[in-house]
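A look at the structure
Residues per chain, in single letters:
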There are 2 protein chains.
Amino acid sequence: MLSKNQIKLIKSLSQKKNRQQLGLFTVEGVKGINEFLNSDFRLENLFTTKLIFDAPNHQIAEISDAELKKISTLKSPNTALAIFKIPKSISPQNGGLILALDDVRDPGNLGTIIRLCDWYGVKDLVCSINTVDCYNSKVVQATMGSLARVNVIYLDLKVYLESSKASVFGTFMDGENIYNSNLPIEGIVILGNEANGISEAISSKVDRRITIPQFGKNQSTESLNVANATAIILSEFKRRTTTEM
Amino acid sequence: MLSKNQIKLIKSLSQKKNRQQLGLFTVEGVKGINEFLNSDFRLENLFTTKLIFDAPNHQIAEISDAELKKISTLKSPNTALAIFKIPKSISPQNGGLILALDDVRDPGNLGTIIRLCDWYGVKDLVCSINTVDCYNSKVVQATMGSLARVNVIYLDLKVYLESSKASVFGTFMDGENIYNSNLPIEGIVILGNEANGISEAISSKVDRRITIPQFGKNQSTESLNVANATAIILSEFKRRTTTEM
């Protein structure tokens, strides 16, 4: 059974200000919830139509399909919805490849970028303050559980880049051809906003401008989707380390 | 002014069966419409709030913002909606790299895959019959105009692969490491369905199984998003030709 207050609480978590105030966010679906249960994230409550989860009894409530539909943000709710605590932000580690996002706004893009970080072993994802919130339910859904394994940090990107000693790479239309570039194992790579790319303030902090060359003849495609560009760039940085696997 | 019949016609094009029966589809937004006007696609009608398009007068109708809102599929309609004729399907050319999709279902994924084909100079995109229709308005929107430059062909994928002489590559979790593989300039590369990957019937037609290796330590990410996997694979095939650019 769900109380009115529980329904109200869960629905309130669709808004960023409430998530931040309460320090809570929601995860839906069996696979996603299990990824978070098997991580360092701390469960607050689990509402499920089937008792199939490995979690403390006092945190699990069995609910009906109709109740799940009331609290789900999905068109086709999938078995369960869990509330987890938002962890304290951890500063990015030194060393390794760090991905930085300058105002990426689309939840689906951020979600698949987090999934890419997980795939390519990028531990830290640094986001400008205006990047979409990673605890937005659409982002959580699109990460397919990868959010449980990637450290996402929101900060003043300009201040962070100024204080960092690592080489800063930025993706532009007019940079050096990424396929012919020497790329290091360590560094910070910045991807920009869907419509405007990397802002001027951040551009001034870039040490090396890189580009994914276009192979089509008419060269009129405006740009790649930011998640696809991230995929290609992480692939390029990481494939050069493939002999070390 | 829009007539009731025009509104009815435009709205009917949101359904695949109507698009196929009438041989028409819609494009929204200034940039997308201009890409199609500058291509071999043939305009049927253009409804716009601003007379800024280079098209024959008798095909242009000026409409109000309120009228545009009535016919648009977008939350924030952008200036114009055009109806174009669906072109006759052209058989895939021999030679070059051909991308094949085995039941990709998400419109956003197909849209960004078409954009990737355009970027990487892949002229032919072969789709199984159950792949989402490329004239679906969400797909058209996600291609950002690239659909005007990529030949998308729907066919019986198994029959096509049986009749083709090109090497057939398939993406699997257990294939050879794509970073260490010799990849040819010509060939057919198959990407599978979002949930199930490449079907058994199609798998049996694959000559070489390839995989994008995972770099994360815990190796629990299930898979990459199909559009991101396409980005990485096209990048790998094409970068090896980069000296020829």
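Residue positions are counted from 1 within each chain, in the order its sequence is given. Following the order in which they are written, the chains are lettered starting with A and the ligands numbered starting with 1. Reporting in this predicted model follows two pLDDT cut-offs: at least 70 for local features of residues, and 80 or more for side-chain atom pairs to be given and counted; totals over whole chains, interfaces and linings ignore these cut-offs and use all residues.

Quick notes on the overall build of chain A
Going by this rule: Under the DSSP-based scheme used, a helix requires at least four consecutive residues in state H or I and a strand at least two consecutive residues in state E, with every element numbered from the N terminus. For this measure, only C-alpha atoms enter the radius of gyration; the expected value for a globule follows 2.2 Å times N^0.38, where N is the number of residues. Partly exposed residues are those falling between the two cut-offs: more than 12 but fewer than 20 other C-beta atoms within 10 Å of their own, whereas 20 or more means buried and 12 or fewer means exposed, with C-beta atoms placed from the backbone. Working definition of a contact: two residues with C-beta atoms, positioned from the backbone, lying within 7 Å.
From N to C terminus, chain A includes nine helices and ten strands. In terms of overall dimensions, chain A is globule-like: its C-alpha atoms have a radius of gyration of 20 Å, near the 18 Å expected for 245 residues. The principal-axis extents of the C-alpha atoms in chain A amount to approximately 60 × 40 × 35 Å. Taking all 245 residues of chain A together, the buried fraction comes to 42%. Restricting the contact set of chain A to residue pairs at least 6 apart, pairs at least 24 apart contribute 76%.

Brief notes about the packing of helix H5 (residues 107-119) of chain B against helix H9 (residues 226-239) of chain B
Residues and elements named next belong to chain B. Applicable threshold: To define axes, lines are fitted to C-alpha atoms, for helices over the stretch in contact only, and angles between the resulting N-to-C directions are given on a 0 to 180 degree scale. In these notes the angle categories are as follows: under 35 degrees is roughly parallel, over 145 is roughly antiparallel, 65 to 115 is roughly perpendicular, and the rest is oblique. It is the rotation of the near helix from the far one that decides the hand of a crossing: anticlockwise by less than a right angle makes it left-handed, clockwise makes it right-handed. Each residue is assigned to one class: nonpolar for Ala, Val, Leu, Ile, Met, Phe, Trp, Tyr, Cys and Pro, charged for Asp, Glu, Lys and Arg, and polar for all the others, Gly among them.
At their nearest, the axes of H5 and H9 sit 9 Å apart, and the two run at 15° to each other. The angle between H5 and H9 falls in the class roughly parallel. Between H5 and H9 lies a crossing of right-handed hand. Residues Asn109, Thr112, Ile113 and Leu116 of H5 form the contact with H9, whose own contacting residues are Val226, Ala227, Thr230, Ala231 and Leu234. A class-by-class count of the residues in the contact of H5 with H9 yields six nonpolar, three polar and no charged.

Let's talk about the domain arrangement of chain A
Residues and elements named next belong to chain A. Threshold: Domain extents, as shown, originate in an automatic or database domain assignment.
Each assigned domain of chain A is listed with its residue range as follows: domain 1 (4-85) and domain 2 (97-244). Its C-alpha centre places domain 1 at a distance of 30 Å from the equivalent point of domain 2. For the side of domain 1 that touches domain 2, the class distribution of residues is four nonpolar, five polar and five charged.

Looking at the environment of Ile233 of chain A
Residues and elements named next belong to chain A. The residue Ile233 is located in helix H9 (residues 226-239) in this model. Overall, the presence of 26 C-beta atoms within 10 Å leaves Ile233 in the buried class. Remark: the alpha-carbon pair of Ile233 and Tyr160, spanning 73 residues in sequence, is separated by 21 Å. For Ile233, the residues in contact, after removing those within four places along its chain, are Thr171, Ile178 and Val189.

Some words on the environment of Tyr179 of chain B
Residue and element names in this part refer to chain B. Relative to the helices and strands, Tyr179 resides in the loop between strand E8 (168-177) and strand E9 (187-191). With 19 C-beta atoms packed within 10 Å, Tyr179 lands in the partly exposed category. Once the C-alpha coordinates of Tyr179 and Asp65 are considered, the two residues, 114 residues apart in sequence, prove to be 51 Å apart.

A word on the sheet that holds strand E4 (residues 80-85) of chain B
All names here are of chain B. Applicable threshold: For two strands to count as paired, DSSP must find a minimum of two bridges between them.
Here we have four strands laid out as an open sheet, ordered E1-E4-E2-E3, and mixed in their pairing. The open sheet has two edge strands with one neighbour each: strand E1 (24-28) and strand E3 (60-62). If you compare each strand with its neighbour and ignore which way they point, the axes differ by 15° on average. Summarising the sheet, strand E2 (residues 43-48) and E4 pair through five bridges and their orientation is antiparallel. Note that in E4 the partner of Asn45 across the bridge is Ile83. Here helix H3 (residues 30-37) sits on the sheet in contact with E1, E2 and E4, set at roughly 30° to E4.

A short note on the relation of the copies chain B and chain A
The criterion, for reference: Fitting of the copies onto one another was done by least squares over C-alpha atoms, counting residues only where both copies have pLDDT of at least 70.
At an RMSD of 0.0 Å, chain B and chain A line up after a rotation of 180° and a shift of 0.0 Å along the axis. Within this description, the copies of the chain are treated as partners about a two-fold rotation axis. Of the residues that chain B buries at the interface, 100% are likewise interface residues in chain A, meaning the two copies contact each other through the same surface.

Section: the environment of Arg149 of chain A
You can see Arg149 of chain A is positioned in the loop between helix H6 (137-142) and strand E7 (151-155). In this structure Arg149 of chain A comes out as buried when scored by C-beta crowding, with 23 C-beta atoms within 10 Å.

Some thoughts on the sheet that holds strand E3 (residues 60-62) of chain A
Residue and element names in this part refer to chain A. Ordered by their spatial adjacency, four strands build an open sheet running E1-E4-E2-E3, and the pairing between neighbours is mixed. Each edge of the open sheet is held by one strand with a lone partner, namely strand E1 (24-28) and E3. Going across the sheet, the axis of each strand differs from the next one's by a mean of 15°, ignoring polarity. Bridge count between strand E2 (residues 43-48) and E3: three bridges; the pairing is parallel. Bridge pairing links Phe47 to Ala61 in E3. Relative to strand E4 (residues 80-85), helix H3 (residues 30-37) is tilted by about 30°, and along the sheet it contacts E1, E2 and E4.

Digging into the interface of chain B and chain A
Listed as interface residues are 32 residues of chain B and, on the opposing side, 32 residues of chain A. Listed by contribution, the elements that provide at least two residues to the side of chain B that touches chain A are H5 and H9 of chain B. It is H9 of chain B that contributes the most residues to the side of chain B that touches chain A, seven residues altogether. Along the lines of polarity and charge, the residues of the side of chain B that touches chain A split into twelve nonpolar, 13 polar and seven charged.

Let's talk about the packing of H9 of chain A against H9 of chain B
One can describe the packing of H9 of chain A onto H9 of chain B by two numbers: an axis separation of 8 Å at closest approach and a directional angle of 45°. Judged by the inter-axis angle, H9 of chain A sits oblique to H9 of chain B. Judged by the twist between their axes, the crossing of H9 of chain A over H9 of chain B is right-handed. Along the contact surface, H9 of chain A presents Ala227, Asn228, Ala231, Ile232 and Ser235 of chain A, while H9 of chain B presents Ala227, Asn228, Ala231, Ile232 and Ser235 of chain B. Its residues placed into classes, the contact of H9 of chain A with H9 of chain B shows six nonpolar, four polar and no charged.

Quick look at helix H5 (residues 107-119) of chain A
For clarity, the cut-off: Multiplying one less than the number of residues by 1.5 Å gives the expected span of a helix.
Compared with an ideal rise of 1.5 Å per residue, which puts 13 residues at 18 Å, H5 of chain A spans 18 Å between its outermost C-alpha atoms and is within 8% of the ideal. Looking at H5 of chain A, one finds that the buried residues are Asn109, Leu110, Gly111, Thr112, Ile113, Ile114, Arg115, Leu116, Cys117, Asp118 and Trp119 of chain A. Elements in contact with the buried residues of H5 of chain A: strand E5 (97-101), strand E6 (124-128), H6, E7 and H9 of chain A together with H9 of chain B. After H5 of chain A finishes, the residue Gly121 of chain A shows a positive phi value of roughly 65°.

Re the pairing of E7 of chain A
All names here are of chain A. Stated precisely, the cut-off is as follows: Crossovers are described as right-handed under a simple rule: with the strands pointing away from the observer, the path leading from the first strand over the helix to the second runs clockwise.
Where E6 and E7 come together, five bridges link them in parallel fashion. Its bridge partner lying in E7, Ser128 is registered against Leu155. As a crossover connection, the stretch from E6 through H6 into E7 is right-handed.

Observations regarding the pairing of E4 of chain B
All names here are of chain B. A large share of E4 lies buried, amounting to five of its six residues. With five bridges connecting them, E1 and E4 associate as antiparallel partners. Note that in E4 the partner of Glu28 across the bridge is Leu81.

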